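Report on the structure
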Amino acid sequence: MTQNLAPMTQDLVPITQDLVPMTQNLVPVSRNLAQEPRHRPDKTAKLSLKFYDNVLREVALSGGVVTIGRQPDNLLRIDNPIVSGHHARIFWENNEYVLEDNDSFNGTYLNNRSVSRAVLSDGDVIVIGKHRIEFHSGEEKRAAGKRHASSSSVTEDRVTEDRVTQDRSSGWQAQVEKAAPPQLEATMVLDTVKLKEMMAKMAAGSAPVRPPAIALVPAFESRAVRRRQIGMVTIIAGRTNRQQYLLCSKLSVIGKSTMASIRLKRWFAPRVAASIHQREEGYFLVRAAKNVRIKVNNAELTQGQQELKSGDHFEVAGIVAKFGYENG
C-alpha cells in the first residue's frame, strides 16, 4: 500500500505549479483599480453674496458644508428679517454641489424658480430674501474653455485672499460652539405676490425698494414677555403635534413648517397658514395669505386679522381650535 501512494503524491506537484500563473494574473487587476480616477470636490468653485450690484462677501468652496441664514453661526450670514435663522445650505454630493432649502419660511429660489433641492451649475443665481448668491465653478469654466479653445475663464475665478473665506470642513466644524445660537428677531413671512414683484425689480436692476410693511408678518419669536395673563389654544379637531399650546411668545405660527409653534400634521397643509400675535391690547389671529380661509365663531374672516376673545373658536387649515387663557 505504501508503494501505491508514491505515484499519488507525485501527481500533486503539477497542481501547485499551475497556481503560480493565477496569482500573477491578479497583479494587473489591482493596478487597474489604482489607476481609476477619484472624484474630488471642485475647490475652484465659489459663492458671491450680492445685494443688488454690491458684492458683500465671497466664499471659496472646498467640499464642506456652507450654511446660509440669519443666525450668527452660519458661514454665509444674511442679516435680513426675511431670511430664516438657518435658511439653506450648499454641500458636495455625488461629484456635484447641491443647494438644499431648510424648510425656510420664504423659500429658496434658483434662477427665479422655487426649489427645495437642486444641483448647482456655473452661473446659477440663488435668491434668498432680497439677496442674490451667484455660484461659479472654475472646473466647469475650464472644461468649457477647452471645448472653445480658450482658457481665459480660468483666471476669472481668482479672488484676493482677504475677501475669500474657506467653507466649513469636517475638522473646523467639530470646533463650532455647542451652545444654542442666540435668539433673533422674528423672521418675516413675505407675501408671495410681493416676493415675485421684488424679484422682478431685482432682475431689472432697479433701485432697492422695501416691501410694504403690510406684506411682512412676524413668523417666529421666543423672547420672554411680561408677566400677564397667558393665552392658550386647545385643538378640538384636526391633526397637530400637540393638543394644547400656551401662547408665551409674542407670536405663534400655525403651519406645517418645522419652525411653526402649532405644527399641522395634515399632508397638504400650508407651511404657514396663520399666526397669533400677542399685543398690548390682546391676542390677534392673523391670516398669512389671501388664499387661506379662516373662520372665527363660524364667521368668515375678511379683514385679514381679528382679535381673539376667551372662548372663541376658530378654523384654519383643517383644524378647529378654541382660544382661552391659562387658569382662566
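Not measured: the values here are computed from a predicted model.

1. As for the overall build of the protein
If you tally the helices and strands in the protein, you get four helices and 25 strands. In the protein, the share of contacts with a sequence separation of at least 24, taken over all contacts with a separation of at least 6, comes to 51%. With an accessible surface of roughly 19,700 Å², the protein has 51% of that area assigned to carbon and sulfur atoms.

2. Let's talk about the sheet that holds strand 21 (residues 294-296)
Strands sit in the order 16-15-25-24-21-22 across an open sheet of six strands; the sheet is antiparallel. Here the strands that pair on one side only, and so sit at the sheet edges, are strand 16 (244-247) and strand 22 (299-300). Pairing between strand 15 (residues 231-237) and strand 25 (residues 319-325): six bridges, direction antiparallel. Paired with alanine 237 across the strands is valine 320, a residue of strand 25.

3. Quick word on the sheet that holds strand 5 (residues 88-93)
If you walk across this open sheet you meet the five strands as 4-3-5-6-9, and the pairing is mixed. The open sheet has two edge strands with one neighbour each: strand 4 (76-77) and strand 9 (117-119). In terms of strand pairing, strand 5 meets strand 6 (residues 96-101) through six bridges, oriented antiparallel. Pairing of alanine 88 across the sheet is with aspartate 101, part of strand 6.

4. Structural notes on the packing of aromatic side chains
A complete count under the given rule lists six aromatic pairs for this structure. Plain terms: the ring middles of tyrosine 283 and tyrosine 325 are 6.1 Å apart, the flat faces sit at 65° to each other, and that makes the pair edge-to-face. You can see tyrosine 283 sitting in strand 20 (residues 282-287) and its partner tyrosine 325 sitting in strand 25, a full 42 residues away along the chain. A relative accessible area of 2% means that tyrosine 283 is categorised as buried. Judged by centre distance (5.2 Å) and plane angle (75°), the ring pair of phenylalanine 323 and tyrosine 325 falls under edge-to-face. We classify phenylalanine 323 as buried; its relative accessible area is 0%. Taken together, the ring pairs in this structure connect Trp92, Tyr97 and Phe135 into an aromatic cluster. Above the face of the phenylalanine 284 ring, arginine 279 is positioned so that its terminal group lies 4.6 Å from the ring centre.

5. Details of the confidence of the model for the protein
Low-confidence regions, as indicated by low pLDDT, have predicted coordinates that should not be scrutinised in detail. Here the protein shows a mean pLDDT of 74. Residues at 70 or above account for 61%. Predicted confidence for residues 22-38 stays below pLDDT 50, and this span has zero contacts to residues more than four positions away or in other chains.

6. Focus: the nonpolar core
Ranked by size, the top nonpolar core spans 25 residues in total, and within it Val233, Ile254, Ile276, Leu285, Ile294, Phe314 and Val316 carry the most contacts. Looking at this core, the elements that each hand over two or more residues are strand 15, strand 16, strand 19 (274-279), strand 20, strand 21, strand 24 (313-316) and strand 25. Broken down by element, the residue count for this core peaks at three residues, all from strand 25. The residues contacting leucine 285, other than those within four sequence positions of it, are Ile254, Ala274, Ser275, Ile276, Ile294, Val296, Leu301, Gly304, Gln305, Gln306, Leu308 and Phe314.

7. Some thoughts on the environment of leucine 246
Relative to the elements of secondary structure, leucine 246 occurs in strand 16. By relative accessible area, which is 41% here, leucine 246 ends up partly exposed. The spatial distance from the C-alpha of leucine 246 to the C-alpha of glycine 324 is 9.7 Å, given a sequence separation of 78 residues. Beyond its immediate chain neighbours, meaning those up to four positions away, leucine 246 contacts Ile230, Gly231, Met232 and Glu326.

8. With respect to the pattern of salt bridges
Under the counting rule described, the total for this entry stands at nine salt bridges. Across the pair glutamate 134 and arginine 132 runs a salt bridge whose closest N-O atoms are separated by 3.9 Å. Of the two residues, glutamate 134 and arginine 132, both sit in the buried class. By sharing partners, the salt bridges in this structure join Arg89, Glu93, Glu100 and Arg117 into a single network.

9. Structural notes on the side chain of threonine 108
When you line up the elements, threonine 108 lands in strand 7 (residues 108-110). Separated by 2.5 Å, the side chains of threonine 108 and aspartate 101 make a polar contact. Those residues in contact with threonine 108 that lie beyond four places of it in its chain are His87, Ala88, Leu99, Asp101, Arg113, Ser114, Val115, Ile126, Val127 and Ile128.

Cut-offs and rules
- Residues numbered from 1 in each chain as written.
- Predicted model: local features only at pLDDT ≥ 70, side-chain atom pairs only at ≥ 80, totals over all residues.
- Heavy atoms only, no water.
- Helix = DSSP H or I, 4+ residues; strand = E, 2+ residues; numbered from the N terminus.
- Contact = heavy atoms within 4.5 Å.
- Areas by Shrake-Rupley, 256 points an atom, 1.4 Å probe, with all protein chains shown as cover.
- Pairing = 2+ DSSP bridges.
- Phe/Tyr/Trp six-rings, centres within 6.5 Å; stacked < 30°, edge-to-face > 60°.
- Buried < 20%, exposed > 50% of the residue type's maximum accessible area, 1.4 Å probe, protein only.
- Lys NZ or Arg CZ within 6 Å of the ring centre and 35° of its normal.
- pLDDT = per-residue confidence, 0-100.
- Core = buried A, V, L, I, M, F, W, Y, C linked by side-chain atoms within 4.5 Å.
- Salt bridge = Lys/Arg side-chain N within 4 Å of Asp/Glu carboxyl O.
- Polar contact = N/O pair within 3.5 Å; in protein donor to acceptor, adjacent residues only side chain to side chain.

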